[in-house]
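Residue strings, one per chain:
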Amino acid sequence: MVQSAVEILVPSTWEIEVAVAASAFLIVSYWLFAYKVDGDDEANGGVGGFDRDSGGDVIFDKDKIRQLRGDTQTNAPYIIKVELLAAKNLIGANLNGTSDPYAIVNCGSEKRFSSMVPGSRNPMWGEEFNFPTDELPVKINVTIHDWDIIWKSTVLGSVTISVEREGQTGPVWHSLDSPSGQVCLNINAIKLPVNASRAITGYAGACRRRVSLDQQGPTIVHQKPGPLQTIFDLLPDEVVEHSYSCALERSFLYHGRIYVSAWHICFHSNVFSKQMKVVVPLGDIDEIRRSQHALINPAITIILRMGAGGHGVPPLGTPDGRVRYKFASFWNRNHTLKALQRAVNNYHAMLEVEKKERAESALRAHSSSVRGGGKVQVKAPEDTAAVPVKFQAFVKEEVLVGIYNDVFQSTPEQFLNLLLADDSTYTNEYRSARKDKNLNIEPWHTAEEYDGQVREIKFRSICNSPMCPPDTAVTEWQHVVLSPDKKMLVFETVQQPHDVPFGSYFEVHCRWRLEAKEETSSVIDIRVGVHFKKWCLMQSKIKSGAIDEYKKEVEVMLEVASSYLKSHSSSSSRGDVDNNSASSLPPIPEDSS
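Remember, predicted model here, so these are calculated numbers, not experimental data. (Residues numbered from 1 in each chain as written. Predicted model: local features only at pLDDT ≥ 70, side-chain atom pairs only at ≥ 80, totals over all residues. Heavy atoms only, no water.)

Visitor: Just to check I follow, could you spell out the overall build of the chain for this structure?
Guide: A tally of regular secondary structure across the chain gives ten helices and 25 strands. Looking at the chain residue by residue over its 593 residues, the buried ones come to 49%. Within the chain, residue pairs in contact and separated by at least 24 positions form 64% of the contacts whose partners lie at least 6 positions apart. Summed over its atoms, the accessible surface of the chain is roughly 29500 Å², and 54% of this surface lies on carbon and sulfur atoms. (Helix = DSSP H or I, 4+ residues; strand = E, 2+ residues; numbered from the N terminus. Buried < 20%, exposed > 50% of the residue type's maximum accessible area, 1.4 Å probe, protein only. Contact = heavy atoms within 4.5 Å. Areas by Shrake-Rupley, 256 points an atom, 1.4 Å probe, with all protein chains shown as cover.)

Visitor: Is there a simple way to explain the packing of helix 8 (residues 426-433) against helix 9 (residues 539-569) in this structure?
Guide: Packed helices, taken two at a time, are described by the angle their axes make and the gap between the axes. Contact geometry for helix 8 and helix 9: axes closest at 10 Å, N-to-C directions at 135°. Between helix 8 and helix 9, the crossing angle belongs to the class labelled oblique. Of the two possible hands of crossing, helix 8 and helix 9 adopt the one that is right-handed. Between helix 8, through Tyr-426, Glu-429, Tyr-430, Arg-431 and Ala-433, and helix 9, the contact on the second element is made entirely by Glu-553, Val-556, Met-557, Val-560, Ala-561 and Tyr-564. Across the contact of helix 8 with helix 9, the residue classes break down as eight nonpolar, no polar and three charged. (Axes fitted to C-alpha atoms, helices over the stretch in contact; angles between N-to-C directions. Parallel < 35°, antiparallel > 145°, perpendicular 65-115°, else oblique. Left-handed = near helix turned anticlockwise from the far one by under 90°. Nonpolar A, V, L, I, M, F, W, Y, C, P; charged D, E, K, R; others polar.)

Visitor: What is the right way to look at the pattern of salt bridges in this model?
Guide: Pairing between side chains of opposite charge can happen when the charged atoms of each approach one another. Here the structure, examined in full by the defined rule, presents 18 salt bridges. The shortest N-O distance in the salt bridge between Asp-284 and Arg-305 comes to 3.8 Å. In this pair, Asp-284 sits in the loop between strand 13 (274-281) and strand 14 (285-294) while Arg-305 sits in the loop between strand 15 (297-304) and strand 16 (316-317), placing the two residues 21 residues apart along the sequence. Judged by its relative accessible area of 0%, Asp-284 is buried. You can call Arg-305 buried: its relative accessible area is 6%. Note that Glu-456 and Lys-458 form a salt bridge whose closest N and O atoms lie 3.7 Å from each other. According to the relative accessible area criterion, Lys-458 is partly exposed, its value standing at 39%. Salt bridges sharing common partners tie together Arg-431, Arg-434, Asp-436, Glu-476 and Glu-553. (Salt bridge = Lys/Arg side-chain N within 4 Å of Asp/Glu carboxyl O.)

Visitor: When you look at the pairing of strand 9 (residues 182-191) in this model, what are you seeing that I'm missing?
Guide: Two faces make up the sheet, and in a regular strand the side chains alternate between them. Within strand 9, seven of the ten residues are buried, which leaves the element mostly enclosed by the surrounding structure. Pairing analysis gives ten bridges linking strand 1 (residues 78-88) to strand 9, with the strands arranged antiparallel. The residue of strand 9 that forms the bridge with Glu-83 is Asn-186. When strand 7 (residues 167-168) meets strand 9, the two strands line up antiparallel, connected through two bridges. (Pairing = 2+ DSSP bridges.)

Visitor: Looking at this structure, I do not really get the packing of aromatic side chains. What am I missing?
Guide: In total, this model carries 13 aromatic pairs according to the counting rule given. Relative to Phe-113, the ring of Tyr-102 lies with its centre 6.4 Å away and its plane at 20°, an arrangement referred to as stacked. Placement of the pair is Tyr-102 in strand 2 (residues 101-107) and Phe-113 in strand 3 (residues 110-113), with a sequence separation of eleven residues. The pair formed by Tyr-102 and Phe-113 is uniform in burial state, with each residue classed as buried. (Phe/Tyr/Trp six-rings, centres within 6.5 Å; stacked < 30°, edge-to-face > 60°.)

Visitor: Explain the confidence of the model for the chain here, please?
Guide: Detail in the predicted coordinates should be disregarded across regions flagged by low pLDDT. Mean pLDDT over the chain works out to 78, with 76% of the residues at or above the 70 mark. Across residues 34-74, where pLDDT falls below 50, the model places 90 contacts with residues more than four positions away in sequence or in other chains. In this model residues 372-387 is a low-confidence stretch, pLDDT under 50, and it forms eleven contacts with partners more than four residues away in sequence or in other chains. (pLDDT = per-residue confidence, 0-100.)

Visitor: Mind showing me how you'd approach unusual backbone geometry here?
Guide: Glycine aside, a negative phi is what most residues show, and trans is what most peptide bonds show. Geometrically, the link from Leu-136 to Pro-137 is a cis peptide bond, its omega value of 5° lying close to zero. Structurally, Pro-137 is set in the loop between strand 4 (124-133) and strand 5 (138-146). Positive phi is not limited to glycine here, since Ser-329 has a value of about 60°. Phi is positive for Lys-486, which is not a glycine, with a value near 60°. Mapping Lys-486 onto the fold places it in the loop between strand 22 (471-482) and strand 23 (488-497).

Visitor: Honestly, helix 7 (residues 412-419) in this entry has me stumped. Any pointers?
Guide: In an α-helix, one full turn covers 3.6 residues, which means residues spaced three or four apart are oriented alike. Here helix 7 lies mainly inside the structure; eight of its eight residues are buried. Restricting attention to buried positions, one finds in helix 7 the residues Pro-412, Glu-413, Gln-414, Phe-415, Leu-416, Asn-417, Leu-418 and Leu-419.

Visitor: What should I look at first to understand the environment of Ser-120 in this one?
Guide: Within the secondary structure layout, Ser-120 lies in the loop between strand 3 and strand 4. Between the alpha carbons of Ser-120 and Ile-91 there is a distance of 9.9 Å; along the sequence they are 29 residues apart.

Visitor: How should I be thinking about the pairing of strand 11 (residues 253-260) in this particular structure?
Guide: Of the strand pairs in this sheet, strand 10 (residues 242-249) and strand 11 are connected by eight bridges, and their pairing is antiparallel. Pairing of Tyr-244 across the sheet is with Ile-258, part of strand 11. Between strand 10 and the antiparallel strand that follows it, strand 11, lie three residues. Relative to strand 12 (residues 264-271), strand 11 is paired through five bridges, and the arrangement is antiparallel. When the sheet's bridge partners are listed, Ile-258 is paired in strand 12 with Phe-267. Joining the antiparallel neighbours strand 11 and strand 12 is a turn of three residues.

Visitor: Any chance you could explain a nonpolar patch on the surface here in plain terms?
Guide: On the surface, Ile-149, Ile-150, Trp-151 and Phe-272 cluster together into a nonpolar patch covering about 450 Å² of accessible area. By the element assignment, Trp-151 lies in the loop between strand 5 and strand 6 (154-163). Its relative accessible area of 64% is what places Trp-151 among the exposed residues. (Patch = residues over 30% accessible without salt bridge, like charges linked within 9 Å, V, L, I, M, F, W, Y side chains within 5 Å.)

Visitor: Honestly, the nonpolar core in this entry has me stumped. Any pointers?
Guide: Among soluble globular proteins, nonpolar side chains are generally buried collectively. Phe-415, Leu-419, Leu-420, Tyr-426, Trp-512, Ile-542 and Tyr-550 are the most contacted members of the largest nonpolar core, which totals 40 residues. Among the elements of the structure, helix 7, helix 8, strand 22, strand 23, strand 24 (506-516), strand 25 (522-532) and helix 9 are those that each provide at least two residues to this core. With eleven residues, helix 9 is the largest single contributor of residues to this core. In contact with Phe-415, other than residues within four places in its own chain, are Phe-408, Ser-410, Leu-420, Leu-489, Trp-512 and Leu-514. (Core = buried A, V, L, I, M, F, W, Y, C linked by side-chain atoms within 4.5 Å.)

Visitor: Can you walk me through the environment of Trp-147 in this structure?
Guide: Along the chain, Trp-147 turns up in the loop between strand 5 and strand 6. A relative accessible area of 5% places Trp-147 in the buried class. Here the alpha-carbon distance between Trp-147 and Ser-99, two residues 48 residues apart in the chain, equals 7.7 Å. Discounting chain neighbours no more than four positions away, the residues touching Trp-147 are Asp-100, Tyr-102, Met-116, Ser-153, Arg-250, Ser-251, Tyr-254, Lys-274, Met-276, Val-313 and Pro-314.

Visitor: It is not clear to me how the sheet that holds strand 6 should be interpreted in this structure. Could you clarify?
Guide: Through backbone hydrogen bonds, the strands of a sheet pair up, either in parallel or in antiparallel fashion. Sheet architecture is open: four strands sit in the order 3-2-5-6, paired in antiparallel fashion. Two strands bound the open sheet, and with one partner strand each, they are strand 3 and strand 6. Pairwise comparison of adjacent strand axes, ignoring direction, gives a mean angle of 20° for this sheet. The pairing of strand 2 with strand 3 spans four bridges and is classified as antiparallel. Counterpart to Ile-104 in the pairing with strand 3 is Phe-113.

Below is the structure:
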């Protein structure tokens with residue numbers, strides 16, 4: 001019986017051979033798979049240069065993002081390109097006499113991180129960092145650190161180089177302010193052409209956004225600061241759209257949390273009291289790839305474009321000189337990947353919308369600033385009568401909502417000639433009733449881009465919202481067109497406040513439409529809406545507040561208009577009014593539609 005028990009418990013020679021062979025096979029397969037996936041993903045980006053999900057959809061299109069990124073603008077007149085090539089004879093900070101060096105490159109207020117080279121006193125980087133600057137000379141500081149898994153990084157030495165003028169220095173070895181060590185840099189100062197439309201700097205979008213926020217006046221946000229403000233010190237209008245538990249790959253996995261906003265992808269970890277903060281602007285992202293940290297640990301690799309550099313923590317290097325951050329240990333990698341994809345796509349779509357809005361605003365301002373004078377005569381060539389002319393829309397139709405519809409005791413022609421003419425004092429009386437100040441009215445004139453005529457008025461308006469200052473500067477563009485039969489008048493306005501919170505983010509669009517009902521009256525329909533040129537934190541509050549404020553404004557406008565029409569109609573006949581006002585308002589081209 002004892003012999004039978006021993007035979008059962010002790011494996012046979014054949015069982016031992018099978019177990020050893022199976023173990024060896026699993027080990028070899030694991031290493032081959034791990035190195036294969038990491039190597040192919042990081043060097044080639046998958047089949048055809050992009051990755052696909054299980055359904056075959058493209059996760060991220062590298063060529064498309066480069067095309068979109070090419071239209072981002074930077075206002076800096078110079079770009080300083082710093083190539084971190086190599087270092088040699090660095091101090092050995094580890095017990096075995098080596099170091100794990102990485103570099104922090106500073107230019108002005110901006111900071112970039114290079115990748116970390118493990119176990120080397122003579123690292124080779126070949127990485128590039130681009131910095132925008134307003135003027136020369138400028139100082140470049142390069143500090144070499146030794147990476148430590150737990151403790152604070154040790155400084156191995158630093159050097160400061162002054163860039164005095166344009167041009168390229170070529171590869172130059174600079175001695176560090178330490179007992180030993182040199183770093184090889186190639187610095188090139190490039191002067192950009194006026195209105196350069198190429199985003200060379202990694203912070204082009206973020207810097208441009210910070211400037212716009214600073215220029216728009218005081219911003220008051222009644223909201224408790226979130227993790228983006230308390231941890232990463234980002235602007236108060238940035239909110240977390242998604243957050244996921246994950247880990248950043250370094251010497252080992254630093255577990256933390258990734259946060260996604262409309263402008264950044266951020267990561268924070270606090271392992272063994274070692275703070276890890278990564279803040280990646282969406283404009284810096286070149287590719288988002290699937291990758292694999294281990295056989296059963298799917299990961300996401302975010303590759304930054306050339307010249308962007310790392311942000312907050314030394315990134316990983318790539319053979320082509322770009323840097324990357326690798327995140328693993330997601331609960332649902334595919335779901336997170338799609339969320340990151342949407343965030344980057346929305347960011348570039350927002351840039352495209354902003355670019356279009358800037359062009360439209362510039363066109364509207366240009367049309368309103370070119371004065372035509374009161375003697376403008378619009379004469380169309382005879383052969384163009386049959387050619388349809390397509391004019392641009394003055395207001396955004398999709399944002400308008402109806403706020404007023406009733407009978408008004410005036411014909412469309414009377415409304416135009418009495419209330420809107422250049423010599424009319426209606427606008428002055430209405431603005432005085434609202435206690436607006438510093439009113440400046442430009443004369444009506446024709447514009448090639450819009451049917452009818454346009455003009456620009458500026459004033460300072462009182463703000464009733466507790467979030468706003470006592471008053472704000474406002475620019476209002478007006479557009480008017482009368483139908484050929486003079487039975488319909490369209491009066492449109494676009495208001496741009498300047499000193500209110502998020503004032504540069506939105507415009508108030510309004511349309512008045514008068515249709516003749518009887519000989520002395522019309523049906524007036526008023527619609528108003530808020531058009532957001534870019535996303536902001538308080539869209540719903542701004543929209544509701546602006547519409548409610550305009551409803552109150554309409555009541556004053558109609559009251560003053562009725563009083564003004566009665567006072568002027570009683571003093572002169574309709575024919576005299578028409579004859580007297582004809583010289584003050586340039587001829588309104590007939591509606592071509």
